[in-house]
Each structure stands twice: as C-alpha cells, then as structure tokens.
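# Summary of the model geometry
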Amino acid sequence: KLQVTDVNGCENTNQIAIQSRNLPGILLSPDSLEVCLGNSFTLSINNQNVNSYSWFDGLAGNLLQRTFEATTTGSFIYWVEGINSFGCVSRDTAFITVNALPDIFILAPGGTTVCQGEEITLVGSGQEDDIYEWYVNGLLVNNTSTYTFVADQTTDVSLIVTNVAGCQQTDIITINVLDAPEVDL
C-alpha cells in the first residue's frame with residue numbers, strides 16, 4: 001500500500017497485490033563424493049514442484065538421475081537447476097573429488113627368469129602410506145612392498161596397491177622358471 005500526500009495536503013492511496021510463488025524444491029545427491037579415476041558415479045535429484053531440469057552441461061529434460069565417468073583428477077562442482085510451472089528457478093550443487101590411482105609397477109632386480117628352486121625377490125613401487133597385497137594363484141601371499149619366494153614353476157604374480165584415498169591399481173608379472181638340470185650319477 002502506498003499513500004502520497006502532496007504540498008497542498010491532498011492525499012491519494014494506491015495498492016498492489018504481490019503474489020509470492022514457491023521456488024522449486026530440488027536436492028542433488030550426494031552432496032559430496034570422492035571417487036577414483038576411471039570409476040563412474042551417479043547423481044540423483046529429489047524434487048518437489050519441478051517441471052523440468054537443466055544440468056550443468058546443458059542437458060535439459062526430466063532426467064532424475066545421471067551417471068558420469070571420472071576421467072580427470074581434481075575437484076569439480078556439478079549442478080542442476082529445477083524450473084517450476086511459474087518459471088521460478090532453484091539450483092543445487094554436488095562437490096566431486098576425483099582421486100588419482102596409485103602409480104605402481106613391479107621390479108624384479110634379479111630378472112624374471114630363474115632356475116627351479118631359486119629364490120626371487122620382487123619389489124613393488126608406490127608411496128610410503130600405500131597398502132601392498134601380493135597374490136599368487138588368487139591367494140594373498142604377502143602384504144609388504146617386497147615379496148621374496150622360491151620359484152618352483154612358471155607363475156604370474158599380481159600386486160594390488162591401495163593408496164590413502166582408497167584407490168587401487170594392479171600390476172602383474174610373469175616369473176619364468178627353468179627346469180633344473182637332471183643329474184645322473
């Protein structure tokens with residue numbers, strides 16, 4: 001309501017009705033997430049009074065869920081806007097951190113070919129806080145950065161390294177075992 005009085009003391013009143021519209025209720029989940037490079041993740045919308053959506057990358061429509069591939073390390077903001085029938089817009093965001101995979105490889109200082117019954121040492125590269133798991137024939141055989149064993153037959157040895165972010169990387173090495181010569185006395 002607006003009331004105006006001029007210099008002569010004359011008054012006039014005018015009023016206008018203002019109608020308030022609710023914003024569309026939109027909630028993007030999860031709010032934040034950490035994933036490993038190469039993994040996929042899904043963002044979902046929980047909504048109220050939303051007619052259409054517009055995602056950060058320009059995709060519009062009524063998609064309540066989207067799956068993305070983590071192709072670059074770093075921190076990223078994903079957002080979606082909801083639009084109601086009155087044209088009101090509301091936005092929610094999700095904060096995504098994409099962590100690097102551990103940078104690993106297996107070293108065989110003495111080579112990858114040994115005679116049957118010889119000892120061989122394998123060394124896994126990685127960071128100080130990494131977790132190491134050595135596997136032979138699907139069985140966990142060691143959990144340190146170095147694995148020493150006696151080679152009886154040609155075999156594949158796998159190393160899984162997990163970094164502090166929980167991301168894993170695997171390397172495999174084949175140890176070739178030569179038959180020991182036969183001795184006939």
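This is a predicted model, so every value here is computed, not measured.

A separate point is the packing of aromatic side chains. Applying the stated criterion across every chain, the model contains eight aromatic pairs. Between the aromatic rings of Phe 41 and Tyr 78, the centroid separation amounts to 5.4 Å while the plane-to-plane angle is 85°, which identifies the pairing as edge-to-face. With Phe 41 in strand E5 (residues 40–48) and Tyr 78 in strand E9 (residues 74–83), the pair connects residues that are 37 residues apart, well separated along the chain. The two residues Phe 41 and Tyr 78 agree in class, both being buried.

Sheets are built from strands paired through backbone hydrogen bonds, the pairs being either parallel or antiparallel. Ordered by their spatial adjacency, three strands build an open sheet running E3-E5-E8, and the pairing between neighbours is antiparallel. Looking at which strands have only one partner, the edges of the open sheet turn out to be strand E3 (25–29) and strand E8 (65–69). Pairs of neighbouring strands in the sheet enclose a mean axial angle of 20°, with direction left out of account. One ladder, built from five bridges, connects E3 with E5; its direction is antiparallel. Within E5, the residue paired with Leu 27 across the bridge is Asn 46.

Tallied over the entire structure, the rule returns two salt bridges. Note that Asp 57 is salt-bridged to Arg 66, the shortest N-O span being 2.8 Å. With a relative accessible area of 14%, Arg 66 lands in the buried category. Here Glu 81 makes a salt bridge to Arg 91, at a shortest N to O gap of 3.0 Å.

About the cut-offs
Residues numbered from 1 in each chain as written. Predicted model: local features only at pLDDT ≥ 70, side-chain atom pairs only at ≥ 80, totals over all residues. Heavy atoms only, no water. Phe/Tyr/Trp six-rings, centres within 6.5 Å; stacked < 30°, edge-to-face > 60°. Helix = DSSP H or I, 4+ residues; strand = E, 2+ residues; numbered from the N terminus. Buried < 20%, exposed > 50% of the residue type's maximum accessible area, 1.4 Å probe, protein only. Pairing = 2+ DSSP bridges. Axes fitted to C-alpha atoms, helices over the stretch in contact; angles between N-to-C directions. Salt bridge = Lys/Arg side-chain N within 4 Å of Asp/Glu carboxyl O.

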